[in-house]
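Residue-level structural notes
Now for the letters of each chain:
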Amino acid sequence: MSRPAVSHGSDVLRPGWGYADVTDKIAGIVLTRRPGRVWVGAFFATLAGTLAYLAAMGVLFWKGVGLWGIRMPVAWGFAIANFVWWVGIGHAGTFISAVLLLLRQKWRTSINRFAEAMTLFAAAMAGLYPILHLGRPWFFYWIVPYPDRMNVWPQWRSPLVWDLFAISTYLLVSALFWYLGMLPDLATLRDRARARWKRVAYGLAALGWRGEARHWARHESAYLLLAGIATPLVVSVHSVVSLDFAIGNTPGYHSTLFPPYFVGGALFSGFAMVLTIAIPLRHAFKLHDFITDVHLDHAATVLLATGAVVAYGYAVETFFAFWSGDRFERAMVVDRWTGVYAPWYWLMIACNVALPQLLWCKRVRRSAAALFALALAVNLGMWLERVTIVVQSLHHDYLPSAWGDFWPTAWDWIFLLGSISTFAWLFLVFVRLLPAISISEMRELVKETS
Amino acid sequence: MTAPTPTSTTAVLRLHPHAGITRRRLLSAMAASMALANGACSPPSRREAHPWANLPEAGAGALPLYYATSFVRGGYAHGVLVGTQEGRPIKVEGNPAHPASLGATDAYAQASVLQLWDPDRSAVARRRAAGAPPGASTASSWAEFEQAWRARPRGGLHVLTGPLTSPTERALLAALLAREPGARWHVHAPGADAAAAEGTRIAFGRDARPIWHLDRARCVLALGADPFAEGPGAVRQAMDWARARSAARDAGALPAALLAAEVAPGLFGARADRRVALAPARIEQALRRIAAPWVPEAGTPPATDPAVADFERRTLAALHGAGADSVVIAGPDLSREAHALVLALNQRLGAVGRGVDFIPPPDAAPDAGTLAELVDALHAGTVVTLLVLGANPAFESPGALEVASALPRARLLVHAGLHVDETAALADWHLPLSHAYEQWGDALAHDGTASLQQPAIAPLYDTRSTSELLALLADDPQRDGRGLVRRQWQRRTRLGAAAFEGFWQESVRSGVIANSAFPALALPAARVAPLPASAPPPLVARFASDPATHGGEYANNGWLQELPRPFSKHTWDTPLLMGPRTARRLGLGTGDVVQAEVFGRALRAPVWVEPLHAEDVFTLPLGGGRRAAGHVGDGVGVDAWPLRPVDAALAPLAITRTDARHAFATTQKGFSQEGRELVRTLPPGAALAAEPARAALYPPFASPVHAWAMSIDLDTCIGCNACTIACQAENNIPVVGRDEVERGRAMHWIRVDRYEGTADGGSRFQPVPCMHCEEAPCELVCPVGATVHDSEGLNVQVYNRCIGTRFCSNNCPYKVRRFNFLQFSDKTHETLAAQRNPDVTVRDRGVMEKCSYCVQRVARARQHAERTGVALVDGDVVTACQGACPTRAIRFGDLNDPGSDVVHAKASPRHYALLGELNTRPRTTYLARVEAKE
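Note that the structure is a prediction, hence the values are computed from the model and not measured.

1. Here we look at the overall build of chain B
The secondary structure content of chain B amounts to 27 helices and 39 strands. The C-alpha radius of gyration of chain B comes to 29 Å, within 12% of the 30 Å expected for a compact globule of 934 residues. Overall size of chain B, expressed as C-alpha extent along the three principal axes, is 115 × 85 × 65 Å. Considering chain B as a whole, with its 934 residues, one finds that 57% of them fall into the buried category. For chain B, the share of sequence-separated contacts (at least 6 apart) that also reach a separation of at least 24 residues comes to 73%.

Here you go:
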């Protein structure tokens, strides 16, 4: 009988880890480790934020969207910007899990689970906004095509209807993919949990997984199939979201560039959020051996590449405004540079174009602190980009008589911070209830690197 | 009949004297009881109810029933047709038979219907106990007032009214005054142009009032005047001008030259070919130089002013060119001597009898005293009883008169008015007056035409008309308003009973007494007085009534408060206006709060720097800062009345800045077209290049039967805002309030955009309703199909399908869509619900709305045509904005009718689509403005 495999060390897993060590380490976070003071503090702080968010929703439903700073002509404000921002963030998880799986990128293994969780939570946060932002949110289901005795259907030419399908499909497939990938780990937790209720709960969730060879074979082919299905969704979701704007005739919205530009931006913000989460996670649970500097380096490289796509988008948008000779487009770009929202725009350029250039330097790519700061900057920059597109384009459109500026009210900020808080709370709950790193896949990695 | 079984019911029946009651008898008794019970539901009408004596043939709920009556403002009648539905007056149209209207109205007349339904209207007589503080009155009754009136201390009766033209009221007032020895009548006309009246006396030695015929003039020079906005004949003057301009254009002739020298921007100056902004003293100097060739005796003209030399040169050329077809109009900013000079100039030009006629002033009251004389009498203690009828001197009076402190010196102060206003607060008795649309009455139009008032609804509250009140006070045996007016006209016409009945029916039906305009006066050669040569103070204030609330009279009218003022587009405010160079010199900007001081009286007011305003002069709008207007008008703006001098329109002003800032609620921020061809202009006779046809992605909608469309003529639009209010009244458009306007949520379905015009400060107005695009961008993006095309080409909004994504508004290049961000329509005030048009949905929060081309009027006309079997003809559908427009700039009709007005308009060489390059194919299109080439 050969000795159990122990990792010899590689770019993606430090040396000295055996199968049991990996399982102990990851399952231990969920099953045995007592919550630390930081976690408890963060949990209650974000829970308070979540409850405040719910209360704010109550006020919003009671009073109406007039609470926000939206107006004529800027009828869309933070809600739509936040929606696009969160959807974008939700891109990285599926990209990491599905696309990198198909491309056989081993470094995805230790980050895919929490990245997928991030995707789900971000998509959930995003999905709330289109409902919250409605004038009459209680009728949101009218966008859904359902057999109605009045024979009324959605208006199929509207990209908002396409959006519904794009987002709900994405949410569904992402959730399935996440859950399917987690089945062996749930079984592991079931087997290791001591409390009966935990065994029952994990057992039910594990759907009777026994680790048979047949299970593994089917699991792997199902996982690959789902990855294949999820891959085009990575492209389609944000492409469709971008059509919400591109179909519109507003200068600053109306551009064929939008689908690829939005997908690039989505991956950019998604990887920024992966880093924003991975670095504190690694620190808090001492996962440096699983999430190595190489992981950070790779993620940073993707950040650099997608950042270049985004920068190219900005450049093309500007170029076409002038090259097309369309005076409305031109005026929109000049206003972007010099108008009331110019500080937002230039801060966005700084965060999304200028700062990421530091990533050409390997030392920055390997420095957790620098990467964390940079990831936060990119998160901010991408949020500013969404706000700029949504708000700045609208505030100065065709008729100067109708121009007007949007300024956020306290409620606008509450609804942004509320969603961030809820996202963080969900994530805090996730890391304590489910394995944040895939146990089974890490064990495969042990085998491969031993 | 068998004996009934002894149940409780039959036991009751047995007690009845007719025990043998039958089923039939029981049912008839029940029916009779029901009828009686119904009769007890409301108190019996106090007097005859005329309007509904015979239900109209069309029946309730179908065609609105119109009553020809008069809306009285500043004493003058504006002929209107009050449209009622289900017995409720909901919309006012102009009376085509009335000389001041000819079918059009101004914004005030449109808003008058909201005044009728104002929840703050006074509903009951109120008494203030002796010694009670001002405003501490308690509800009383007319009966108690009658007792108090009979027991009043005798002698020393003074009556204060506003300008009064009503023959009936004046006869009754004369009768009341005749009964009381020593009784005196005083007239306070806060908005009247005293200098003009005095100027007429200087020139002609008598009182006279000019009637301008702008349709006959080929050159109109306005000096400190706005003939399109000021005075009781403004609507008619604008209409005359527009009609003549269109006729000249169609004939290929040059339209009349309009020239304006004005202090603050006015509607006439905006439309003028040449305009200068000057302080009043410099306007007078310019006048002297311009008038010198015709009126040499006015003295040596002052030295040339290089800034206005070009304007004067062109003006002289135009006056010489037009000769007798010129008119020169002077306004309240000029002195009486300048007015006399202008009258002489008109006479020498030969304009009298052509472009201008003079008539005796319809509101002349030679035997009446002034407010100042009343205050003197109050201080002298000779006023025992003071009756204030429909005036509010405690607010609308120059501060130096100290009216509010003088009024309580009357032993008995009786106030009658629509509201418990500032004067009512001081009064011992307040009596609620009926609204114009609730009463019988009469008044004269600007040209003296007698106009009748008839009620469109029974009084909402226990109110009396002014005539009825005067009859009560004078103990007249006739107390009924209709009887009083009939008696007056019977006496005046001296017709026999049968002939009078015919005359009366015809006059009530049409709203005017036929051929009752005053004949033109034959006037002597005008004399002029030397113009004051003294140097004017460096900084002067002029007082002008706020163009929306009419000096505060309509301060409680939300529609008017929220009406964007034509030039600044601010709402809910009365800023102090000044020119840009003056502001720079004083280091002031828009929104700075200053302390303004006139003769030791100070006021804190926010500054509005108006680029079109003259330098070295400040305009203080009158009408803000009401203290007892009602829940809408209280505390809106600042009150400049305390600063106004007693006998002058101008006063030296000292200004000091404070640290405070003020935010204005405006509906338009920038006035530059940014190089975009939005308001297109053409030289006379030129044509616009045809738009190229563009392909569309989706197949066009078919409009096989009717294809409604609108055309707006920017050449005749004067930016008066009547369309905006007409639309608001017709379509139940809510008032959102100052804060929401500031947040960019005003709800007007048709807004009037203003853009900077020529270099000399002209303005170009552009009304923007929904364009009803054939390739509507809004329809494409609505996820639930809440905005769709109908079979007649209308872009309709389905309120109950709308979920409020607001994508349609984002995608509307014209930004004409309005969103109910919050619950904007007022559901708390019951009377406001009664004003609402029953054919138009009241929108709640969360839905989008916009101009519907008055789809309810389209449907009404179509249904009427179907019912009567008479095909629709051009003009059967008139949208609210079109109906109100004084210059008939808005035309609406069927594109499938080749003879329609709108088809004709769209064939014009001036025709263009706003943002046509976007290929939205709007059904609302524009006719370019004609501007003479420099």
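2. Points about the pairing of strand 12 (residues 326-330) of chain B
Residues and elements named next belong to chain B. Counting buried residues along strand 12, 5 of its 5 residues qualify, which places the element largely inside the surrounding structure. Burial along strand 12 is two-sided: S326, V328 and A330 and V327 and I329, pointing in opposite directions, are all buried. Alignment of strand 9 (residues 219-223) against strand 12, held across 5 bridges, turns out to be parallel. Pairing of L221 across the sheet is with V328, part of strand 12.

3. Observations concerning the sheet that holds strand 36 (residues 890-894) of chain B
All names here are of chain B. The 4 strands lie next to each other as 36-29-38-37, forming an open sheet whose pairing is mixed. Each edge of the open sheet carries a strand with a single partner, namely strand 36 and strand 37 (911-912). Of the pairings in the sheet, the one linking strand 29 (residues 708-713) to strand 36 comprises 5 bridges and is antiparallel in character. Bridge pairing in strand 36 places W708 opposite D894.

4. Examining the domain arrangement of chain B
Split into domains, chain B comes out as domain 1 (8-39), domain 2 (60-120 + 433-520), domain 3 (123-189 + 363-432), domain 4 (212-334), domain 5 (540-552 + 565-666) and domain 6 (702-713 + 720-746 + 768-826 + 836-930). Of note, the centres of domain 3 of chain B and domain 4 of chain B, computed from C-alpha atoms alone, are 41 Å apart.

5. Overview of the packing of helix 3 (residues 78-89) of chain A against helix 8 (residues 213-246) of chain A
All names here are of chain A. Closest axis-to-axis distance for the helix 3/helix 8 pair is 10 Å, and the angle between their directions is 165°. Considering the angle they form, helix 3 stands roughly antiparallel to helix 8. Where helix 3 crosses over helix 8, the handedness of that crossing is left-handed. Of the residues in helix 8, those in contact with V84, V87 and G88 of helix 3 are V237, H238 and V241. A class-by-class count of the residues in the contact of helix 3 with helix 8 yields 4 nonpolar, 2 polar and no charged.

Calculation rules
- Residues numbered from 1 in each chain as written.
- Chains lettered and ligands numbered in written order.
- Predicted model: local features only at pLDDT ≥ 70, side-chain atom pairs only at ≥ 80, totals over all residues.
- Helix = DSSP H or I, 4+ residues; strand = E, 2+ residues; numbered from the N terminus.
- Rg over C-alpha atoms; globule rule 2.2 N^0.38 Å.
- Buried ≥ 20, exposed ≤ 12 C-beta atoms within 10 Å, placed from the backbone.
- Contact = placed C-beta atoms within 7 Å.
- Pairing = 2+ DSSP bridges.
- Domains from an automatic or database assignment.
- Axes fitted to C-alpha atoms, helices over the stretch in contact; angles between N-to-C directions.
- Parallel < 35°, antiparallel > 145°, perpendicular 65-115°, else oblique.
- Left-handed = near helix turned anticlockwise from the far one by under 90°.
- Nonpolar A, V, L, I, M, F, W, Y, C, P; charged D, E, K, R; others polar.

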